[in-house]
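Chains, contacts and geometry: an overview
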Protein chains: 4
Amino acid sequence: MIVTLHSHISITEATSLAVSLEGEAVQFEGKTLLVVSGKIKKLPARLKDLASDFQVMDNDMQLSSKEFVEKRIVNIAGSNVGSDDKTFVMAGPCSVESKEQIDSTAAYLSSLGVQFLRGGCFKPRTSPYSFQGLGREGLELLRSAADRHGMLVVSEVRDATHVEQVIELADVIQIGAKSMYDHGILRACGKTTKPVLIKRGFGTTLQEFAQAAEFVLCGGNENVMLCERGIRTFENDTRFTLDLCGVAFLKEKTNLPIIIDPSHAMGLSYGVADLARASVAMGIDGLMVEVHCNPARAKSDAAQQLDHNSFSSLYTSLAPVAASIGRSIQ
Amino acid sequence: MIVTLHSHISITEATSLAVSLEGEAVQFEGKTLLVVSGKIKKLPARLKDLASDFQVMDNDMQLSSKEFVEKRIVNIAGSNVGSDDKTFVMAGPCSVESKEQIDSTAAYLSSLGVQFLRGGCFKPRTSPYSFQGLGREGLELLRSAADRHGMLVVSEVRDATHVEQVIELADVIQIGAKSMYDHGILRACGKTTKPVLIKRGFGTTLQEFAQAAEFVLCGGNENVMLCERGIRTFENDTRFTLDLCGVAFLKEKTNLPIIIDPSHAMGLSYGVADLARASVAMGIDGLMVEVHCNPARAKSDAAQQLDHNSFSSLYTSLAPVAASIGRSIQ
Amino acid sequence: MIVTLHSHISITEATSLAVSLEGEAVQFEGKTLLVVSGKIKKLPARLKDLASDFQVMDNDMQLSSKEFVEKRIVNIAGSNVGSDDKTFVMAGPCSVESKEQIDSTAAYLSSLGVQFLRGGCFKPRTSPYSFQGLGREGLELLRSAADRHGMLVVSEVRDATHVEQVIELADVIQIGAKSMYDHGILRACGKTTKPVLIKRGFGTTLQEFAQAAEFVLCGGNENVMLCERGIRTFENDTRFTLDLCGVAFLKEKTNLPIIIDPSHAMGLSYGVADLARASVAMGIDGLMVEVHCNPARAKSDAAQQLDHNSFSSLYTSLAPVAASIGRSIQ
Amino acid sequence: MIVTLHSHISITEATSLAVSLEGEAVQFEGKTLLVVSGKIKKLPARLKDLASDFQVMDNDMQLSSKEFVEKRIVNIAGSNVGSDDKTFVMAGPCSVESKEQIDSTAAYLSSLGVQFLRGGCFKPRTSPYSFQGLGREGLELLRSAADRHGMLVVSEVRDATHVEQVIELADVIQIGAKSMYDHGILRACGKTTKPVLIKRGFGTTLQEFAQAAEFVLCGGNENVMLCERGIRTFENDTRFTLDLCGVAFLKEKTNLPIIIDPSHAMGLSYGVADLARASVAMGIDGLMVEVHCNPARAKSDAAQQLDHNSFSSLYTSLAPVAASIGRSIQ
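Structural notes, computed from the coordinates. Along each chain, the written sequence defines residue order, and numbers are assigned to residues from 1. Going through the entries in the order they are written, you letter the chains from A and number the ligands from 1. Only residues with pLDDT of at least 70 are given local features in this predicted model, and only at 80 or more are side-chain atom pairs given and counted; all residues enter the totals for whole chains, interfaces and linings. Each side-chain value is worked out from all heavy atoms of the structure, with water and hydrogens disregarded.

As for the overall build of chain A
Heads up, the rule is: Under the scheme used here, helices are H or I runs from DSSP no shorter than 4 residues and strands are E runs no shorter than 2 residues, and both carry numbers assigned from the N terminus. A radius of gyration in this sense is built from C-alpha atoms; the matching globule rule multiplies 2.2 Å by the number of residues raised to 0.38. Note on definitions: a residue-residue contact is assigned when non-hydrogen atoms from the two residues lie within 4.5 Å. Residue-level accessible areas treat just the shown protein chains as cover; the underlying method is Shrake-Rupley with a 1.4 Å probe. In summary, the charge assignment counts Lys and Arg as positive and Asp and Glu as negative, without counting His or the chain termini. One atom stands in for each charge, and that atom is NZ of Lys, CZ of Arg, CG of Asp or CD of Glu.
Secondary structure summary: chain A contains 10 helices and 15 strands in total. Since a compact globule built from 330 residues should have a radius of gyration of about 20 Å, the 20 Å found for chain A is in line with a globular shape. Oriented by its inertia axes, the alpha-carbon framework of chain A measures out at about 65 × 40 × 40 Å. For chain A, contacts bridging at least 24 residues in sequence account for 68% of all contacts bridging at least 6. Accessible surface for chain A amounts to roughly 10,500 Å². Of this, 48% is attributable to carbon and sulfur atoms. The averaged location of the 38 negative side-chain charges in chain A is 1 Å from the averaged location of its 33 positive side-chain charges.

Pasting the structure below:
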């Protein structure tokens with residue numbers, strides 16, 4: 001339930017009310033709101049005199065729900081992610097591996113017109129006995145490659161120990177599939193205004209996914225995007241199962257921009273182009289694709305990254321698909 | 001393994017060899033083939049003098065594998081399903097409910113240009129206490145509605161007790177998701193030449209799916225199509241999860257035409273159009289959509305069927321999406 | 001909803017009512033019942049004068065629900081499966097392969113005191129290029145081996161084409177995981193009084209599982225048992241995932257005897273004994289285990305069958321586990 | 001691969017080798033080991049002169065593998081978890097809610113003989129609008145309740161921001177299902193010697209689960225236990241699906257003590273006792289059960305917690321089950 005408080009109530013009073021109700025106080029469009037559990041269906045007695053309005057939602061979603069606000073647009077350095085006529089492409093290698101590697105990819109992608117450069121520096125690897133990413137050093141290489149080519153940086157935070165570094169150096173803070181329940185990260189991201197891209201956990205329901213966004217939204221950061229990247233199912237001939245039914249649900253129920261990452265879903269380079277075109281035809285706000293200058297030698301996710309030739313051919317094919325549903329590729 | 005036998009070996013001899021090897025004998029493009037388990041990687045000794053050639057496959061697929069034949073085209077009354085530039089639409093109600101209902105839908109769909117009329121008569125309902133379909137009577141209503149409007153009939157067989165009736169009256173025999181392991185049905189479909197559309201079971205792996213096709217192919221019927229219609233996953237806010245990663249796999253590995261049914265996957269009418277466009281953008285051979293003249297009163301699957309207005313608007317939107325990848329909607 | 005009709009209403013009248021309501025008429029303990037969809041929560045108007053009583057269920061289960069009858073006991077040649085103090089063991093090879101094989105297994109098992117001999121004759125194999133079972137011939141070998149050693153026969157029906165043969169020759173008709181939605185089989189089993197053991201499909205929900213039993217129960221056969229044998233999940237280091245949470249649910253909600261098959265769930269012989277003991281400790285009515293005289297040479301499911309030594313050691317260990325919860329092994 | 005280095009090689013040299021090979025150096029039983037990726041099957045050239053021995057594993061497991069060491073026993077204040085004849089019970093409320101609540105539960109449990117008191121203080125709740133736990137304050141209440149009653153504390157760390165607090169105050173650091181990929185937590189736990197109990201993520205494969213343990217083991221902490229608590233499947237009538245096939249796999253392949261938590265798996269109090277007995281009959285090292293003095297008023301997981309009466313009755317029933325397989329309940 002979202003309760004709009006009378007305007008004379010200060011945010012301090014609201015916060016103390018929130019604490020007592022196990023909810024959260026948040027400011028939105030000049031109003032002070034109190035958000036309490038979706039299980040509460042009646043206005044709590046003690047709020048009767050303090051509330052000017054309240055709204056009970058159908059789902060567990062609150063600030064992320066279309067019932068609250070029809071649509072949120074995330075402005076990233078002038079790019080409006082979430083506007084109805086554009087689909088943004090985010091591309092780059094799984095991991096930042098060296099200055100040369102990330103520079104050459106940035107040069108290549110910017111020459112095509114891609115604005116968002118992705119690259120992992122703190123890798124959430126399953127095994128401790130594999131490349132764990134270059135950390136802070138990689139983040140600086142990524143930042144400077146992007147700056148040199150006029151691109152924006154998307155990079156992943158793995159755990160709460162380095163979230164401030166990613167907030168400092170990236171333009172979009174990516175919360176990975178394995179980290180999306182991490183309160184330490186989510187709370188830190190709620191306190192910045194930098195855009196946050198949350199990837200759906202591979203074992204995460206759509207309701208839980210939206211609630212990860214709630215942690216950031218109720219912290220005060222309105223710039224949240226959701227990214228579907230495949231869920232884990234019984235099918236193992238592909239790495240994960242891209243859940244486009246879930247995307248249809250999120251488009252219908254949430255007010256957040258939606259990004260799709262076909263690379264992690266498929267896990268195999270041969271299917272990425274078809275899935276990318278299918279994703280664009282869904283009318284989504286962004287597409288994230290892994291591209292590497294030499295996939296066979298990539299230090300992580302070698303099987304799924306596209307080489308430059310394959311990516312060029314995919315990228316060219318996206319514009320007509322987008323146009324067929326009234327969008328343009330950015 | 002697929003073994004090509006010397007031309008002097010009769011099909012009777014081949015069949016008896018097949019029995020002794022727990023394999024199958026089949027004729028293909030004038031040759032007699034012996035297909036044995038994919039686990040056998042070396043030519044069996046007793047075949048040494050009888051074989052002119054043999055091929056070991058990577059997967060459990062054999063006759064359905066791209067390694068055997070690049071592509072199969074299924075000719076249905078002049079429509080070539082599987083040719084690279086066409087995507088066929090199959091539409092109609094979940095169940096045939098009455099003469100009026102199926103006639104009005106047939107009239108409507110044929111006026112749009114849809115060639116394939118689908119309708120269920122033997123319904124594989126979960127509960128015995130719900131509408132089980134009109135059976136033979138429904139099949140005759142469907143046949144005559146299709147004939148009146150120059151359409152082709154797609155209808156489902158539920159179990160082996162009535163497979164002959166569907167073979168007799170339909171143009172395309174649909175084997176449903178719950179029936180696709182049914183040897184009684186698969187063996188009967190192997191003996192006809194009528195086209196067979198096999199729906200993937202919601203708990204079925206891609207390898208198992210292709211092997212259901214093997215039963216029909218090795219029976220001698222080369223006209224097999226595969227239909228992805230959603231798998232069962234932990235996500236329950238949508239009815240099933242449409243597996244487009246699986247479709248990418250099937251396109252890469254099998255030689256069979258691929259159809260997608262977004263209606264059953266989503267289970268909710270609101271997502272069907274987006275998923276249909278995504279499916280077409282994958283470059284598939286056919287699209288199957290449930291359409292009902294009055295979904296709210298449908299006797300089965302009420303939540304997911306499109307009404308005529310929604311379907312018209314979807315249908316119109318498909319042509320530009322198909323064109324954007326070099327195909328036309330049929 | 002289950003409606004008890006006034007005693008003056010004939011079964012013919014009841015059946016015609018059932019047809020008009022898309023329900024089923026059934027006789028139970030001298031009463032005539034009309035079972036209609038669980039979605040109907042109010043007594044239909046036309047039944048007002050005909051009903052002496054009615055009961056609305058919580059779940060989709062009706063005749064199988066504990067709300068209808070607390071417990072059903074299935075008497076199989078004097079063995080009461082479902083009585084609170086006994087757990088019956090059903091054992092035997094995956095497939096009947098030869099007279100020698102099934103005889104030696106029957107001799108061995110009966111010497112231990114096992115009463116139920118299982119063996120597959122119509123095998124629902126995934127691939128057409130593998131051993132499909134000995135069919136009718138196997139069934140006769142199984143019958144005669146059981147008769148020679150005073151055992152009862154459990155054998156599987158694969159599809160509707162041979163259900164009558166299994167009804168004729170087996171003591172318990174097993175409906176396999178891949179066949180449990182098959183109306184042809186379920187309807188045929190509803191017309192006999194022979195006990196039916198339904199295995200849960202690996203992609204089947206508990207509600208759907210119970211509804212397969214409803215098909216048999218409403219056909220008039222009260223002798224139905226449910227068998228959990230593992231569901232398909234993302235985990236692939238074991239063949240399936242034995243769902244004991246599901247067993248707890250079935251014990252709480254249904255009135256049917258419950259059997260567990262750990263062999264198919266695990267798919268690997270090393271885990272079968274531990275899972276068998278866990279199953280017995282759940283307080284179930286029966287345990288089904290695959291045993292083969294020479295697993296390495298088995299024609300199907302070689303990896304999961306126990307050899308005689310392993311089975312003896314498992315069998316001996318079951319009695320104390322059963323005793324610890326107040327049951328005995330039969 | 002695990003490489004045993006010659007004894008003259010210092011740990012500093014080993015660590016620098018490890019860095020260059022993207023592996024880890026660790027000391028074990030007086031030897032210095034270098035662990036590198038399981039994908040490396042041949043001894044790297046530069047190690048030829050430095051290695052006295054090396055071992056290639058079958059699985060992705062290394063230090064956690066039975067191939068490395070048969071069995072690890074975790075000594076917790078004198079209790080040997082992992083010894084073949086004992087099963088330890090860990091019980092307590094989902095959340096520490098107040099001094100009174102945790103004291104009364106501790107008094108109750110210690111009176112039964114339960115040694116391990118569990119209680120959550122940093123709750124990984126899905127929604128920000130629900131009780132998030134008492135944090136540090138709760139941890140101190142839990143510690144002092146346990147101390148007063150001579151019990152050991154098991155408590156969960158939610159994210160890396162407070163891992164040091166849990167290490168400081170708990171006897172067993174529980175890493176929750178949603179946090180088990182968290183490198184910040186895992187690395188911190190590798191640096192202490194306090195026992196760590198890792199819960200399997202509900203979307204986590206068995207191989208990934210064991211690899212979470214590898215992070216702690218290769219950090220130098222040998223006191224790791226694995227806890228199965230249910231995985232997410234298509235079945236939704238129970239909260240999760242307890243994966244006892246997975247437990248059989250872990251018992252066969254890993255050297256770590258195994259704990260089972262039936263409360264979270266079932267999510268409903270009615271099934272917990274049956275599942276607990278099944279778990280004990282598997283021959284596991286520990287059982288974790290949620291107990292609350294008044295479940296209906298619990299601030300989290302109300303549906304699944306047992307009240308004192310139900311727990312007493314369950315607890316009493318465990319001893320004979322354990323005895324039936326040669327173990328005792330501790």
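Regarding the sheet that holds strand 2 (residues 24-28) of chain C
Residues and elements named next belong to chain C. Put simply, the rule reads: Any two strands between which DSSP finds at least two bridges are classified as paired. To get an axis, fit a line to the C-alpha atoms, keeping to the stretch in contact for a helix; angles then go from 0 to 180 degrees between the N-to-C directions.
Read across the sheet, four strands follow the order 2-3-1-4 without closing on themselves; strand pairing throughout is antiparallel. Each end of this open sheet is capped by a strand with a single partner; those strands are strand 2 and strand 4 (51-55). Taken pair by pair, the neighbouring strands of this sheet meet at an average axis angle of 25°, ignoring direction. Bridge count for strand 1 (residues 2-5) against strand 3 (residues 31-35) is three bridges, and the pairing is antiparallel. Bridged to Thr4 within strand 3 is Leu33. Contacts from helix 1 (residues 11-20) reach strand 1, strand 2 and strand 3 within the one sheet, and its direction differs from that of strand 2 by about 145°.

Comments concerning the pairing of strand 2 of chain C
Residues and elements named next belong to chain C. Defined as follows: Under the scheme applied here, a residue whose accessible area is under 20% of the maximum for its type counts as buried, over 50% as exposed, and between as partly exposed, the area being computed with a 1.4 Å probe on protein chains only.
The element strand 2 is largely enclosed, with a buried count of four among its five residues. Two elements, strand 2 and strand 3, share five bridges in a ladder whose sense is antiparallel. Residue pairing for strand 3: Ala25 is matched across the bridge by Leu34. The loop that links strand 2 with its antiparallel partner strand 3 comprises two residues; one of these, Glu29, has a positive phi angle of about 45°.

A few points about helix 6 (residues 206-219) of chain B
Residue and element names in this part refer to chain B. Stated formally: A helix is expected to span 1.5 Å for every residue after the first.
Over its 14 residues, helix 6 runs 20 Å from end to end, which matches the ideal 20 Å to within 8%, given 1.5 Å per residue. Extensive coverage of helix 6 is indicated by the burial of 13 of its 14 residues. Directly beyond the C-terminal end of helix 6, a positive phi value near 115° is found at Gly220.

Some details on the relation of the copies chain B and chain A
Put simply, the rule reads: In this comparison the copies share one frame, found by least squares on the C-alpha atoms of residues holding pLDDT of at least 70 in both.
Of the transformation superimposing chain B on chain A, the axial component is 0.0 Å and the angular component is 180°, with the fit at an RMSD of 0.0 Å. Both copies of the chain, as the preceding transformation shows, are related through a two-fold rotation axis. Every residue of chain B has its C-alpha some distance from the rotation axis, and the shortest such distance is that of Ala278 of chain B, at 2.0 Å. Comparing contact sets, 100% of the residues at the interface of chain B also lie at the interface in chain A, consistent with an isologous, same-surface contact.

Some thoughts on the interface of chain A and chain D
Here is the rule: Accessible area, probed at 1.4 Å, shrinks when two parts are joined; the buried area is that loss added up over both. Salt bridge, as applied in this entry: a Lys or Arg side-chain nitrogen positioned within 4 Å of an Asp or Glu carboxyl oxygen. N or O atoms within 3.5 Å of each other form a polar contact, as long as, within protein, one can give a hydrogen and the other can take it, and as long as residues adjacent in sequence are counted only when both atoms are side-chain atoms. Ten residue types, Ala, Val, Leu, Ile, Met, Phe, Trp, Tyr, Cys and Pro, are classed as nonpolar, four, Asp, Glu, Lys and Arg, as charged, and the remainder, Gly among them, as polar.
Contacts between chain A and chain D engage 39 residues on the former and 39 residues on the latter. For the pair chain A and chain D, the two sides together bury roughly 3,100 Å², of which 57% comes from carbon and sulfur. Contact with chain D buries area across many residues of chain A, yet Glu22, Tyr129 and His183 of chain A alone supply 26% of it, more than any other trio. If you look at where chain A meets chain D, you find four salt bridges. Glu208 of chain D is the salt-bridge partner of Arg232 of chain A, the closest N and O atoms lying 2.5 Å from each other. Linking chain A with chain D are 16 residue pairs in polar contact (both at pLDDT 80 or more), by the criterion used here. Elements represented by at least two residues in the side of chain A that touches chain D include exactly helix 5 (183-190) and helix 6 (206-218) of chain A. A per-class count over the side of chain A that touches chain D returns 12 nonpolar, 14 polar and 13 charged.

So, the relation of the copies chain A and chain D
Take chain A, turn it by 180°, move it 0.0 Å along the axis, and it overlays chain D with an RMSD of 0.0 Å. Interface overlap between copies: 100% of the residues of chain A at the interface are likewise at the interface in chain D, consistent with a symmetric, same-surface contact.

Comments concerning the pattern of salt bridges
The tally for this structure, following the rule as stated, stands at 84 salt bridges over all chains. Ionic pairing is found between Lys299 of chain A and Glu22 of chain D, a salt bridge with its closest N-O pair at 3.1 Å. In this pair, Lys299 of chain A is assigned in the loop between strand 14 (286-290) and helix 10 (308-324) and Glu22 of chain D in the loop between helix 1 (11-20) and strand 2 (24-28), connecting two distinct chains. A residue is classified by how much of its surface remains accessible, and Lys299 of chain A, at 40% relative accessible area, is partly exposed. The exposure class assigned to Glu22 of chain D is partly exposed, which follows from its relative accessible area of 29%. The network of salt bridges with shared partners includes Arg200, Glu228 and Asp243 of chain A together with Glu235 of chain B.

Quick word on the interface of chain B and chain A
The interface of chain B with chain A comprises 40 residues on the first partner and 40 residues on the second. Taken over both partners, the interface formed by chain B and chain A buries close to 3,000 Å², and the fraction arising from carbon and sulfur atoms is 69%. Contact with chain A buries area across many residues of chain B, yet Phe234, Cys245 and Tyr270 of chain B alone supply 21% of it, more than any other trio. Taken together, the connections running from chain B to chain A amount to four salt bridges. Two residues, Lys251 of chain A and Asp274 of chain B, come together in a salt bridge whose shortest N-O distance is 2.6 Å. Secondary-structure elements contributing two or more residues to the side of chain B that touches chain A are helix 6, helix 7 (244-253), helix 8 (262-266), helix 9 (269-281) and helix 10 (308-324) of chain B. With eight residues, helix 7 of chain B is the single largest residue contributor to the side of chain B that touches chain A. Counted by class, the side of chain B that touches chain A contains 20 nonpolar, 10 polar and 10 charged residues.

Focus: the packing of aromatic side chains
Where we set the bar: Aromatic rings from Phe, Tyr and Trp, taking only the six-membered ring of Trp, are treated as a pair when their centres fall within 6.5 Å; an angle between ring planes under 30 degrees marks them as stacked, one over 60 as edge-to-face, and anything in between as tilted. Either the NZ atom of lysine or the CZ atom of arginine qualifies as a charge over a ring when it sits within 6 Å of the ring centre and within 35 degrees of the ring normal.
By the definition in use, this model includes 24 aromatic pairs over all chains. Taking 5.9 Å as the distance between ring centres and 85° as the angle between the ring planes, the aromatic pair formed by Phe202 of chain B and Tyr181 of chain C counts as edge-to-face. Of the two residues, Phe202 of chain B sits in the loop between strand 11 (196-199) and helix 6 while Tyr181 of chain C sits in the loop between strand 10 (172-175) and helix 5 (183-190), which places them in two different chains. Each member of the pair, Phe202 of chain B together with Tyr181 of chain C, is buried. An aromatic cluster of three or more residues is present, and its members are Tyr108, Phe311 and Tyr315 of chain A. Taking the ring centre of Phe240 of chain B as reference, the NZ or CZ of Arg229 of chain B above it sits at 4.4 Å.

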